[in-house]
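Listed here are the chains, written in short residue letters.
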Amino acid sequence: DASGSMLQMLGNRRKMDIARSTLVELVEKTLPAGTPFAFRAFGTRLANCESDLLLNVQPLDRAKVGAMVRKLNATNLAKTPLGASLLAVGQDLKSVKGQKVVVLLTDGEETCGGDPGQAIQTLKAQGLDLRVNVVGFDVADAGLKVSFERWATLGGGRYFDAKNGQELSKAMTDALRPKFQVTDPPGAVVGEGTVGGASVELPV
């Protein structure tokens, strides 16, 4: 999310500056080099509802992507096309086999007439094996948080609430951790969790 609201101050820094530094840390140090990775952003070039695929899916080149992220800036008055951006994910990741993790980072609501929840359902209806996690950054509206949680649930993922830079860094890291399931001999799921997350209690 590089929409106009990301130019607002949070403490003594703009939200965009905090998000940018968090993403740089993520792509240069947290994600393993070579991880299949694509990057889409909105609000980076025009004050409208454009959503741009800035990096086609490819093995993560830490230096290359880090340099690209450092150039990202928010645009004043740019809107927030959450639904359109999510719909575009189907095309962005069509060549990737296996489960795909989509992380939507935003500080606000849909402002371009889209329906993010419907977009996620459309992706699922297309047969895409994906998990959608939503990271809300400095979101004060309780109703909006409820919407974010609903979208994440529709996408088989989780909602992460981040009030500051430290929480944003943790939320983005956690949002990219893979999920796991524990099955019994017949194949029934008896427990599930997230790698590096809370422990999972299992039947004896």
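Residues numbered from 1 in each chain as written. Predicted model: local features only at pLDDT ≥ 70, side-chain atom pairs only at ≥ 80, totals over all residues. Heavy atoms only, no water.

Draft legend 1. Highlighting the pattern of salt bridges. Throughout the structure, instances matching the rule amount to 12 salt bridges. Across the pair lysine 15 and aspartate 138 runs a salt bridge, and its minimum N-O distance is 3.6 Å. With lysine 15 in helix α1 (residues 15-30) and aspartate 138 in the loop between β6 (130-137) and α5 (142-154), this residue pair connects regions lying 123 residues apart in the sequence. For lysine 15, a relative accessible area of 2% gives the class buried. Exposure remark for aspartate 138: the relative accessible area of 29% places this residue in the partly exposed category. Between arginine 177 and aspartate 174 there is a salt bridge, with its nearest N and O atoms 2.7 Å apart. The exposure class of arginine 177 is partly exposed, given its relative accessible area of 29%. Look at the salt bridges and you will find they share partners, linking Lys15, Asp107 and Asp138 into a network. (Salt bridge = Lys/Arg side-chain N within 4 Å of Asp/Glu carboxyl O. Helix = DSSP H or I, 4+ residues; strand = E, 2+ residues; numbered from the N terminus. Buried < 20%, exposed > 50% of the residue type's maximum accessible area, 1.4 Å probe, protein only.)

Draft legend 2. How the structure looks around the side chain of aspartate 92. Within the secondary structure, aspartate 92 is located in helix α3 (residues 82-92). Beyond its immediate sequence surroundings of up to four residues, aspartate 92 is in contact with Arg40, Leu53 and Val57. (Contact = heavy atoms within 4.5 Å.)

Draft legend 3. Spatial organisation of the environment of arginine 62. Relative to the elements of secondary structure, arginine 62 occurs in helix α2 (residues 62-70). Residue class for arginine 62 comes out partly exposed when judged on its relative accessible area of 29%. Sequence separation between arginine 62 and lysine 100 is 38 residues, and the spatial gap between their C-alpha atoms is 19 Å. Once you skip the residues sitting within four places of it in the chain, arginine 62 turns out to touch Val27, Glu28, Lys29, Thr30, Leu31, Pro32 and Ala33.

Draft legend 4. Just the state of the cysteines, in detail. Under the criterion given, the structure shown has 1 disulfide. Each sulfur of the disulfide joining cysteine 49 and cysteine 112 lies 2.0 Å from the other. Classification of the bridge connecting cysteine 49 and cysteine 112 rests on its S-S torsion, roughly -95°, and on that basis the disulfide is left-handed. Highlighted residues: cysteine 49 in the loop between β3 (36-42) and β4 (51-59) and cysteine 112 in the loop between β5 (100-106) and α4 (116-125), separated in sequence by 63 residues. Residue cysteine 49 is classed as partly exposed on the basis of its relative accessible area of 34%. (Disulfide = S-S within 2.5 Å.)

Draft legend 5. Local environment of the pairing of strand β7 (residues 159-162). Two strands pair when backbone bridges link them, and β6 and β7 are joined in this way by 4 bridges, in the parallel orientation. Along β7, the bridge assignment pairs valine 134 with tyrosine 159. Between β6 and its parallel partner β7, the chain crosses via α5, and the hand of that crossover is right-handed. (Pairing = 2+ DSSP bridges. Right-handed = clockwise from strand over helix to strand, strands pointing away.)

Draft legend 6. Representation of the sheet that holds β7 within the structure. Strands sit in the order β5-β6-β7 across an open sheet of 3 strands; the sheet is parallel. Bordering the open sheet on either side are β5 and β7, each of which pairs with just one other strand. Pairwise comparison of adjacent strand axes, ignoring direction, gives a mean angle of 20° for this sheet. Sitting on the sheet, α3 is in contact with β5 and β6, with an inclination near 165° to β5. (Axes fitted to C-alpha atoms, helices over the stretch in contact; angles between N-to-C directions.)

Draft legend 7. Quick peek at the packing of aromatic side chains. Scanning all chains against the criterion turns up 3 aromatic pairs. With a centroid separation of 6.4 Å and an interplanar angle of 25°, the aromatic rings of phenylalanine 37 and phenylalanine 39 are classed as stacked. For the pair phenylalanine 148 and tryptophan 151, a centre-to-centre distance of 5.2 Å together with 55° between the ring planes defines the contact as tilted. With phenylalanine 148 and tryptophan 151 both in helix α5 and 3 residues apart, the pair spans about one turn of that helix. Look at tryptophan 151 and you get buried, because its relative accessible area is 6%. Every member of this aromatic cluster is reached through a ring pair, and the members are Phe148, Trp151 and Tyr159. (Phe/Tyr/Trp six-rings, centres within 6.5 Å; stacked < 30°, edge-to-face > 60°.)

Everything listed here is a matter of geometry and, on its own, says nothing about what the molecule does.
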